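# Descriptive structure summary
Take a look at the letters that make up each chain.
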Amino acid sequence: QKEVEQDPGPLSVPEGAIVSLNCTYSNSAFQYFMWYRQYSRKGPELLMYTYSSGNKEDGRFTAQVDKSSKYISLFIRDSQPSDSATYLCAMKGNNRLAFGKGNQVVVIP
Amino acid sequence: DTAVSQTPKYLVTQMGNDKSIKCEQNLGHDTMYWYKQDSKKFLKIMFSYNNKELIINETVPNRFSPKSPDKAHLNLHINSLELGDSAVYFCASSQAGLAGVGNEQFFGPGTRLTVL
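Fair warning: this is a prediction, and the values are worked out from it, not measured in the lab.

Procedures and definitions
Residues numbered from 1 in each chain as written. Chains lettered and ligands numbered in written order. Predicted model: local features only at pLDDT ≥ 70, side-chain atom pairs only at ≥ 80, totals over all residues. Heavy atoms only, no water. Disulfide = S-S within 2.5 Å. Helix = DSSP H or I, 4+ residues; strand = E, 2+ residues; numbered from the N terminus. Buried < 20%, exposed > 50% of the residue type's maximum accessible area, 1.4 Å probe, protein only. Core = buried A, V, L, I, M, F, W, Y, C linked by side-chain atoms within 4.5 Å. Contact = heavy atoms within 4.5 Å. Buried area = accessible area lost by both parts, 1.4 Å probe. Salt bridge = Lys/Arg side-chain N within 4 Å of Asp/Glu carboxyl O. Polar contact = N/O pair within 3.5 Å; in protein donor to acceptor, adjacent residues only side chain to side chain. Pairing = 2+ DSSP bridges. Axes fitted to C-alpha atoms, helices over the stretch in contact; angles between N-to-C directions.

Next up on the list: the state of the cysteines. By definition, a disulfide is the covalent link that joins the sulfur atoms of two cysteine residues. Evaluated as defined, the whole model comprises two disulfides over all chains. The disulfide bridge from Cys23 of chain A ends at Cys89 of chain A, spanning 2.0 Å between sulfur atoms. Taking the sign of the S-S torsion, about -100° here, the bridge from Cys23 of chain A to Cys89 of chain A comes out left-handed. Here Cys23 of chain A is found in strand S3 (residues 19-25), whereas its partner Cys89 of chain A is found in strand S9 (residues 85-93), with 66 residues between them in sequence. Each of the two residues, Cys23 of chain A as well as Cys89 of chain A, counts as buried. What pairs with Cys23 of chain B in a disulfide is Cys91 of chain B, and their sulfur atoms sit 1.9 Å apart. Handedness here is read from the sign of the S-S torsion; for Cys23 of chain B and Cys91 of chain B, about -75°, the answer is left-handed. Of this pair, Cys23 of chain B sits in strand S3 (residues 19-25) while Cys91 of chain B sits in strand S9 (residues 87-94), placing them 68 residues apart in sequence. Grouping residues by exposure puts Cys23 of chain B and Cys91 of chain B together as buried.

Here it is, written out as structure tokens:
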């Protein structure tokens, strides 16, 4: 089993819809969870960072962590065409860092 | 004013050649990283340096050698390039190493390496 599993998609949604992305992981040492957004031909940029189970909101973005199920999610409300990008989950702990494969999201105007 | 910069942006070369990619950060960060992103967008950490000292060295062929002349620079030298080395290589930096909390990594724009 891979350390981090993320369904690569792609995922196409109409503008205004809710985008739901998720990752599962197997390494219990992971304690910090991140979502990165990567536009085409650019480097990843940090979108959300959390280290506790529960929800964290930042504008239209909500990161959700369930450590007991080893499952994290990212929700994007009122999606915009500018949200079209690849979203990568990442997690770290015990001096290890691992990324998911990334999920390509296309928001159709 | 670019925070993490890499040169070159594109690199096309023949198999067997030796090439270098340079990275510089002006954020005053202590830790720098090299990542490889393959054609399927899978991002994998290769190396991590903290204050010029190698911290992480994932399973990477020894044809890849990082060099950190000072904490603002981390260069990647690749010997005897192979077809499978074709990928986008990202440099990144953070204030502290992976053990740090709330430790955002800032990524460079990437170097697209194509080995023919």
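Text resumes after the structure shown.
A few words on the nonpolar core. Core analysis: the largest hydrophobic core is formed by 24 residues, its most contacted members being Trp35, Ile72, Leu74, Tyr87 and Met91 of chain A. Ignoring sequence-local partners within four residues, the contact set of Tyr87 of chain A consists of Gln6, Leu21, Tyr36, Arg37, Leu47, Leu74, Ile76, Gly102, Asn103 and Val105 of chain A. Counting residues in hydrophobic clusters, the runner-up holds 20 residues, among them Leu74, Leu76, Ile78 and Cys91 of chain B.

Each partner contributes residues to the interface: chain B has 25 residues there, and chain A has 19 residues. Regarding the contact of chain B and chain A, the summed buried area is about 1,900 Å², with carbon and sulfur atoms giving 55% of it. Counting across the interface, chain B meets chain A through zero salt bridges. Inspection of the region where chain B meets chain A yields one residue pair in polar contact (both at pLDDT 80 or more). Mapped onto the side of chain B that touches chain A, the elements with two or more residues apiece are strand S4 (31-37), strand S5 (43-50) and strand S6 (53-57) of chain B.

With that out of the way, let us pick up the sheet that holds strand S8 (residues 73-78) of chain B. By definition, the strands of a sheet pair up through backbone hydrogen bonds, in either a parallel or an antiparallel sense. Residues and elements named next belong to chain B. Within the open sheet, the four strands sit side by side as S1-S3-S8-S7. Their pairing is antiparallel. What marks the edges here is a single partner per strand, and that holds for strand S1 (4-7) and strand S7 (64-70). If you compare each strand with its neighbour and ignore which way they point, the axes differ by 20° on average.

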